[in-house]
Amino acid sequence: MPQKTAIIIGAGPAGLTAAYELVKSTNIQPIVLEMTDDIGGISKTVNYKGNRMDIGGHRFFSKSDVVMNWWQNVLPIENTGQNSNDGQTISYQNKTKKINLGDKQIDSAKRDDVLLIRKRLSRIFYLGRFFDYPISLKWKTLSNLGFYKLTKIGFTYLWVHLFPIKNVNNLEEFFVNRFGRELYETFFKDYTEKVWGLSCEQISSEWGEQRIKKLSIKKALNHALRKIFTGK
């Protein structure tokens, strides 16, 4: 029986993982096609004259412990100078996980195949001001938006909950149903289209269900009110 071949587009984390698993677990021969001279996609770190730079503000995270454990076995954790016997706490996708580093900690100055640990601060620059990312319901966020913008956001949010789009066919309709049109056009539309190079009308609604299924205005309001009255 002739050997099967799999063509994989892109040498980013997903493409490399697929190729590795095919080689390890099947008889299928993978061929990875990459248009650039480097591998790693938008997750790679470039070493330029001793300076490590990420291509964009990208971080590796997954909601799946299986995926996180898989990558930690492939890329050892960076040595942060802490006692590895004490373990270390890492956070990803609003989850905190205690990991036992053991002997897997590696000096990132000596090796490149290391999972780097960095403190992060992600923000959106909009209307000449910085907003937290993901968007948080704080007084600073509300004051940055202003009364007029907040009124439009509130009105369109209430409107879509009274008259929701019944048959959601694309990502734009998903966003509008979830957040209202004004909030969608303020924070989601341009960013999503710049990242993926497609109109939100051309992207499946399933993308939104997977990527932001836990993000909602109701949860943000509940969290904000609880923090105001309980301080937690």
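What you see is a predicted model; the values in this text were computed from it and never measured.

Enquirer: Kindly report on the overall build of the protein chain, identifying the contributing residues and their values.
Expert: Summing up its helical and strand segments, the protein chain has 8 helices and 8 strands in all. Across the 232 residues of the protein chain, 29% fall into the buried class. The contacts in the protein chain between residues at least 6 apart in sequence include a share of 52% that link residues at least 24 apart. Surface summary for the protein chain: the accessible area is close to 16,700 Å², and the carbon and sulfur share equals 56%.

Enquirer: Please set out the pattern of salt bridges residue by residue, giving values where relevant.
Expert: By the definition in use, this model includes 6 salt bridges. We note a salt bridge from Glu21 to Lys24, for which the minimum N-O separation is 3.5 Å. One end of the pair, Glu21, and the other, Lys24, are both in helix α1 (residues 13–25), 3 residues apart, so they sit about a helical turn from each other. Judged by its relative accessible area of 26%, Glu21 falls in the partly exposed class.

Enquirer: For α1, give the residues involved together with the corresponding values.
Expert: Over its 13 residues, α1 extends 18 Å from the first C-alpha to the last, a length consistent with the 18 Å expected when each residue adds 1.5 Å. Residues of α1 that are buried include every one of Gly15, Ala19 and Leu22, and no others. For α1, the arc enclosing every buried residue in end-on projection is 65°, short of the 170-degree limit, so these residues lie on one face. Of the residues in α1, the exposed ones pointing more than 90 degrees away from the buried face are Ala14 and Ser25. Against the buried residues of α1 lie β1 (5–9) and β2 (29–33).

Enquirer: Tell me about the pairing of β1, residues and numbers included.
Expert: Burial of the side chains of β1 is restricted to one face: Ala6 and Ile8 are buried, whereas none of Thr5, Ile7 and Ile9 on the reverse face is. Here β1 pairs with β2 via 5 bridges, running parallel. Bridge pairing in β2 links Thr5 to Gln29. Following the chain from β1 across α1 to the adjacent parallel β2, one finds a crossover that is right-handed.

Enquirer: Can you explain the nonpolar core? Please cite residues and give values.
Expert: The biggest cluster of nonpolar side chains holds 15 residues, and the ones touching the most others in it are Leu171, Phe175, Leu183, Tyr184, Phe187 and Phe188. Only α4 (147–162), α5 (171–179) and α6 (181–196) provide two or more residues apiece to this core. Among the elements that make up this core, the one with the highest residue count is α5 (5 residues). Filtering out sequence-adjacent residues up to four positions away, Tyr184 remains in contact with Glu172, Phe175, Val176, Lys189 and Cys200.

Enquirer: Could you give an account of a nonpolar patch on the surface, with specific residues and numbers?
Expert: Together, Tyr133, Tyr191, Val195, Trp196 and Leu198 make up a nonpolar patch on the protein surface, roughly 520 Å² of accessible area in all. Mapping Trp196 onto the fold places it in helix α6. On the accessibility criterion, Trp196 (44% relative accessible area) is partly exposed.

Enquirer: Pulling in residues and values, what's your account of unusual backbone geometry?
Expert: Its identity is not glycine, yet Lys49 carries a phi of approximately 55°, on the positive side. With respect to the helices, strands and loops of the structure, Lys49 is situated in the loop between β3 (45–48) and β4 (51–54). What makes Lys49 exposed here is its relative accessible area of 71%. Of note, Leu127 is a non-glycine position whose phi angle comes to about 55°, a positive value. Following the sequence through the fold, Leu127 ends up in the loop between β7 (123–126) and β8 (129–132). Under the relative-accessibility criterion, Leu127 is labelled partly exposed at 42%.

Conventions and cut-offs
- Residues numbered from 1 in each chain as written.
- Predicted model: local features only at pLDDT ≥ 70, side-chain atom pairs only at ≥ 80, totals over all residues.
- Heavy atoms only, no water.
- Helix = DSSP H or I, 4+ residues; strand = E, 2+ residues; numbered from the N terminus.
- Buried < 20%, exposed > 50% of the residue type's maximum accessible area, 1.4 Å probe, protein only.
- Contact = heavy atoms within 4.5 Å.
- Areas by Shrake-Rupley, 256 points an atom, 1.4 Å probe, with all protein chains shown as cover.
- Salt bridge = Lys/Arg side-chain N within 4 Å of Asp/Glu carboxyl O.
- Expected span 1.5 Å × (residues − 1).
- Arc of directions from axis to C-beta.
- Pairing = 2+ DSSP bridges.
- Right-handed = clockwise from strand over helix to strand, strands pointing away.
- Core = buried A, V, L, I, M, F, W, Y, C linked by side-chain atoms within 4.5 Å.
- Patch = residues over 30% accessible without salt bridge, like charges linked within 9 Å, V, L, I, M, F, W, Y side chains within 5 Å.

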